[in-house]
Structures are given as C-alpha cells and as structure tokens.
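Fold and contact review
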Amino acid sequence: MATYKGINGFAVQSLASDPSPLDEGQVWYNNTSYAFKLAAATTTGTWASGGSLNTARYLGGATGSSTAALAAGGNTNSPTYTTATEKYNGTSWTNNPTGLNTARAYSGVSGPQTAALLAGGIIAAPADLGTNASESFNGTSWTNLPNINTSRFAVGSAGTTNTAALIYGGDIRPTSPINSAASESWNGSSWSNIPSLNTARVGLVGFGTTTAALA
C-alpha cells in the first residue's frame, strides 16, 4: 500500500508548535493542538480604479458590496450637505432618483444596497449639530424611521439589513466636541439603548452583525 512518505519522499513531522517560515504545501502535525496542518498558497490582490461618483463629496455614508454598493449624503462644499444617493454595480455609479430625506454627512450606514439603514449624522442647521434622524432604503427610495435616542455624528455602525442594526459612539456636541460611548440597537420598529462602549470615541469604523459587531 502506498504511503505518504513513499509518494512524497518525506514523513509528516510531529511538532510542538507551527514551523516558521512555512513553505507552500508543507504538512505537519501540531502535537500541542492535536491537529494536522497544511501551509496553503497565499495570494495578494491589487486595487483598481472604479467608476467615479456623480457627486463629489466627503464624509458620505457608504455600505454594500464591491458589486452592489450604496453612497448617500456627504459634504459637497463645506458647510453644504447633500441628500444625493448613488448606487454602484461593480463598474459605474448611477444617481438614484430620490435622495435622503435629511441632508447630512458623517452618518452611520449598514446593510446591503437594497435594504440599507442610515442613522445620525451632521446637519447644516442650526450650526453643524448632530441629528437623531434615521432612514431606511429599499433599493429605490428612503423612508423616515423613528429617531435614534441620542443625536450624534461620526458614529460606528453595524448590521446586515434595515431591520437589524447598531450604532455606537460618535460626537454629541451641543457647542464643542463631546465623545460618546452610547450604543443603540434597531429592531425594525424602534431604537433601544444598549450597553455602552468601554471607550467613548468619535469617527469609528464599525462592521458585523447586531450580535457580533466590532468598533
């Protein structure tokens, strides 16, 4: 009967820890974790320019995938905020016929292109304050939802649909910056306060689901 050693010319080593550096195709047995392991090939990708947005902006909300993305709101010429919404198909951006109900920037956005949720953000009136407005997108239009409990902008957000989402952290300034640790969850009908972040902060990156999120 053929053996691994006979076919490949060497025996599988039994090691207390994973070897380093690894060679592609290398096989070993880790006798600490009691597992056979294989060094698989690794590949690196490259970035390529995609189609440009129709409306130049910064601090806009974005969500979706590389072939079905959504961009909404943003600052077009400080302090001018936009409602413009665009959809990406993997090649080019298309203006959505209807924009956000509330012009804003620096919002928390989550979910796919056809079931997105946007909450909070900074608005132009009366003096670049945070908003508590939230909206959902069905792939065609935005619908106003119940307000979040704490007005804020530059929040982190997570969620996989417009019926289940989180927002956390952000700036709750009335006149000067105040970092927040407050967190809220959306269940499809209302926002609820949930345990706060351990560290109050602003300008977060967030992703994940309502039960497994990262800030």
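Look above for the structure.
Attention in this report is confined to the structure presented alongside it.

Bringing the overall build of the protein into the picture now. The helix and strand tally for the protein stands at one helix and 21 strands. The C-alpha radius of gyration of the protein comes to 23 Å, more than 25% above the 17 Å expected for a compact globule of 215 residues. Taking the principal axes of its C-alpha atoms as reference, the protein extends roughly 80 × 40 × 30 Å. Burial statistics for the protein: of 215 residues in total, 35% are counted as buried. Sequence separation of 24 or more characterises 40% of the internal contacts of the protein that already satisfy a separation of 6 or more. When the accessible area of the protein is evaluated, it comes to approximately 11,700 Å², of which 53% is carbon and sulfur surface. Mean positive and mean negative side-chain charge positions of the protein (8 and 8 charges, respectively) differ by 3 Å.

Time to look at the sheet that holds strand E4 (residues 61-65). Taking strand neighbours across the sheet as the criterion, the four strands line up as E4-E5-E8-E9 in an open arrangement whose pairing is antiparallel. Whereas interior strands pair on both sides, the edge strands pair on one side only; in this sheet they are E4 and strand E9 (93-95). Neighbour-to-neighbour, the strand axes of the sheet open up by a mean angle of 20 degrees, direction not taken into account. Across four bridges, the pairing between strand E5 (residues 68-72) and strand E8 (residues 85-88) is antiparallel. Paired with Ala-71 across the two strands is Glu-86, which belongs to E8.

Moving on: the sheet that holds strand E15 (residues 142-145). Reading across the sheet, the four strands line up as E10-E11-E14-E15 and stay open at both edges, with antiparallel pairing between neighbours. Taken across any chain shown, the strands that pair with only one partner, and hence form the sheet edges, are strand E10 (108-110) and E15. If you compare each strand with its neighbour and ignore which way they point, the axes differ by 20 degrees on average. When strand E14 (residues 134-137) meets E15, the two strands line up antiparallel, connected through four bridges.

The subject of this paragraph is the packing of aromatic side chains. Within the structure shown, the criterion is met by four aromatic pairs. Judged by centre distance (4.9 Å) and plane angle (40 degrees), the ring pair of Phe-137 and Trp-142 falls under tilted. Taken as a pair, Phe-137 and Trp-142 share a single burial class, namely buried. Between Trp-186 and Trp-191, the aromatic rings sit 5.4 Å apart at their centres with planes inclined by 40 degrees, giving tilted as the arrangement. Judged by its relative accessible area of 3%, Trp-186 falls in the buried class.

Here we come to unusual backbone geometry. In this model, Ser-20 is joined to Pro-21 through a cis peptide bond whose omega is 0 degrees. Looking at where Pro-21 falls in the secondary structure, it is placed in the loop between strand E1 (13-15) and strand E2 (27-30). Residues other than glycine seldom take positive phi values, yet Leu-59 does so here, at roughly 60 degrees. For Leu-59, the location among the structural elements is in the loop between strand E3 (35-38) and E4. Residues other than glycine seldom take positive phi values, yet Ala-154 does so here, at roughly 60 degrees. Within the secondary structure, Ala-154 sits in the loop between E15 and strand E16 (156-161). Accessibility expressed as a relative area gives 1% for Ala-154, which makes it buried.

Let us now look at the pattern of salt bridges. The final tally for this structure, using the stated rule, is five salt bridges. Close ionic contact of Asp-18 with Lys-37 constitutes a salt bridge, the shortest N to O distance being 2.9 Å. Of this pair, Asp-18 sits in the loop between E1 and E2 while Lys-37 sits in strand E3, and the two are 19 residues apart along the sequence. You can call Lys-37 partly exposed: its relative accessible area is 27%. The partner of Glu-86 in a salt bridge is Arg-57, with the nearest N and O atoms 2.8 Å apart. Here the residue Glu-86 occupies a position in strand E8, and Arg-57 occupies one in the loop between E3 and E4, the gap between them amounting to 29 residues.

Definitions and limits used
- Residues numbered from 1 in each chain as written.
- Predicted model: local features only at pLDDT ≥ 70, side-chain atom pairs only at ≥ 80, totals over all residues.
- Heavy atoms only, no water.
- Helix = DSSP H or I, 4+ residues; strand = E, 2+ residues; numbered from the N terminus.
- Rg over C-alpha atoms; globule rule 2.2 N^0.38 Å.
- Buried < 20%, exposed > 50% of the residue type's maximum accessible area, 1.4 Å probe, protein only.
- Contact = heavy atoms within 4.5 Å.
- Areas by Shrake-Rupley, 256 points an atom, 1.4 Å probe, with all protein chains shown as cover.
- Lys, Arg positive; Asp, Glu negative; His and termini not counted.
- Charge placed at Lys NZ, Arg CZ, Asp CG, Glu CD.
- Pairing = 2+ DSSP bridges.
- Axes fitted to C-alpha atoms, helices over the stretch in contact; angles between N-to-C directions.
- Phe/Tyr/Trp six-rings, centres within 6.5 Å; stacked < 30°, edge-to-face > 60°.
- Salt bridge = Lys/Arg side-chain N within 4 Å of Asp/Glu carboxyl O.

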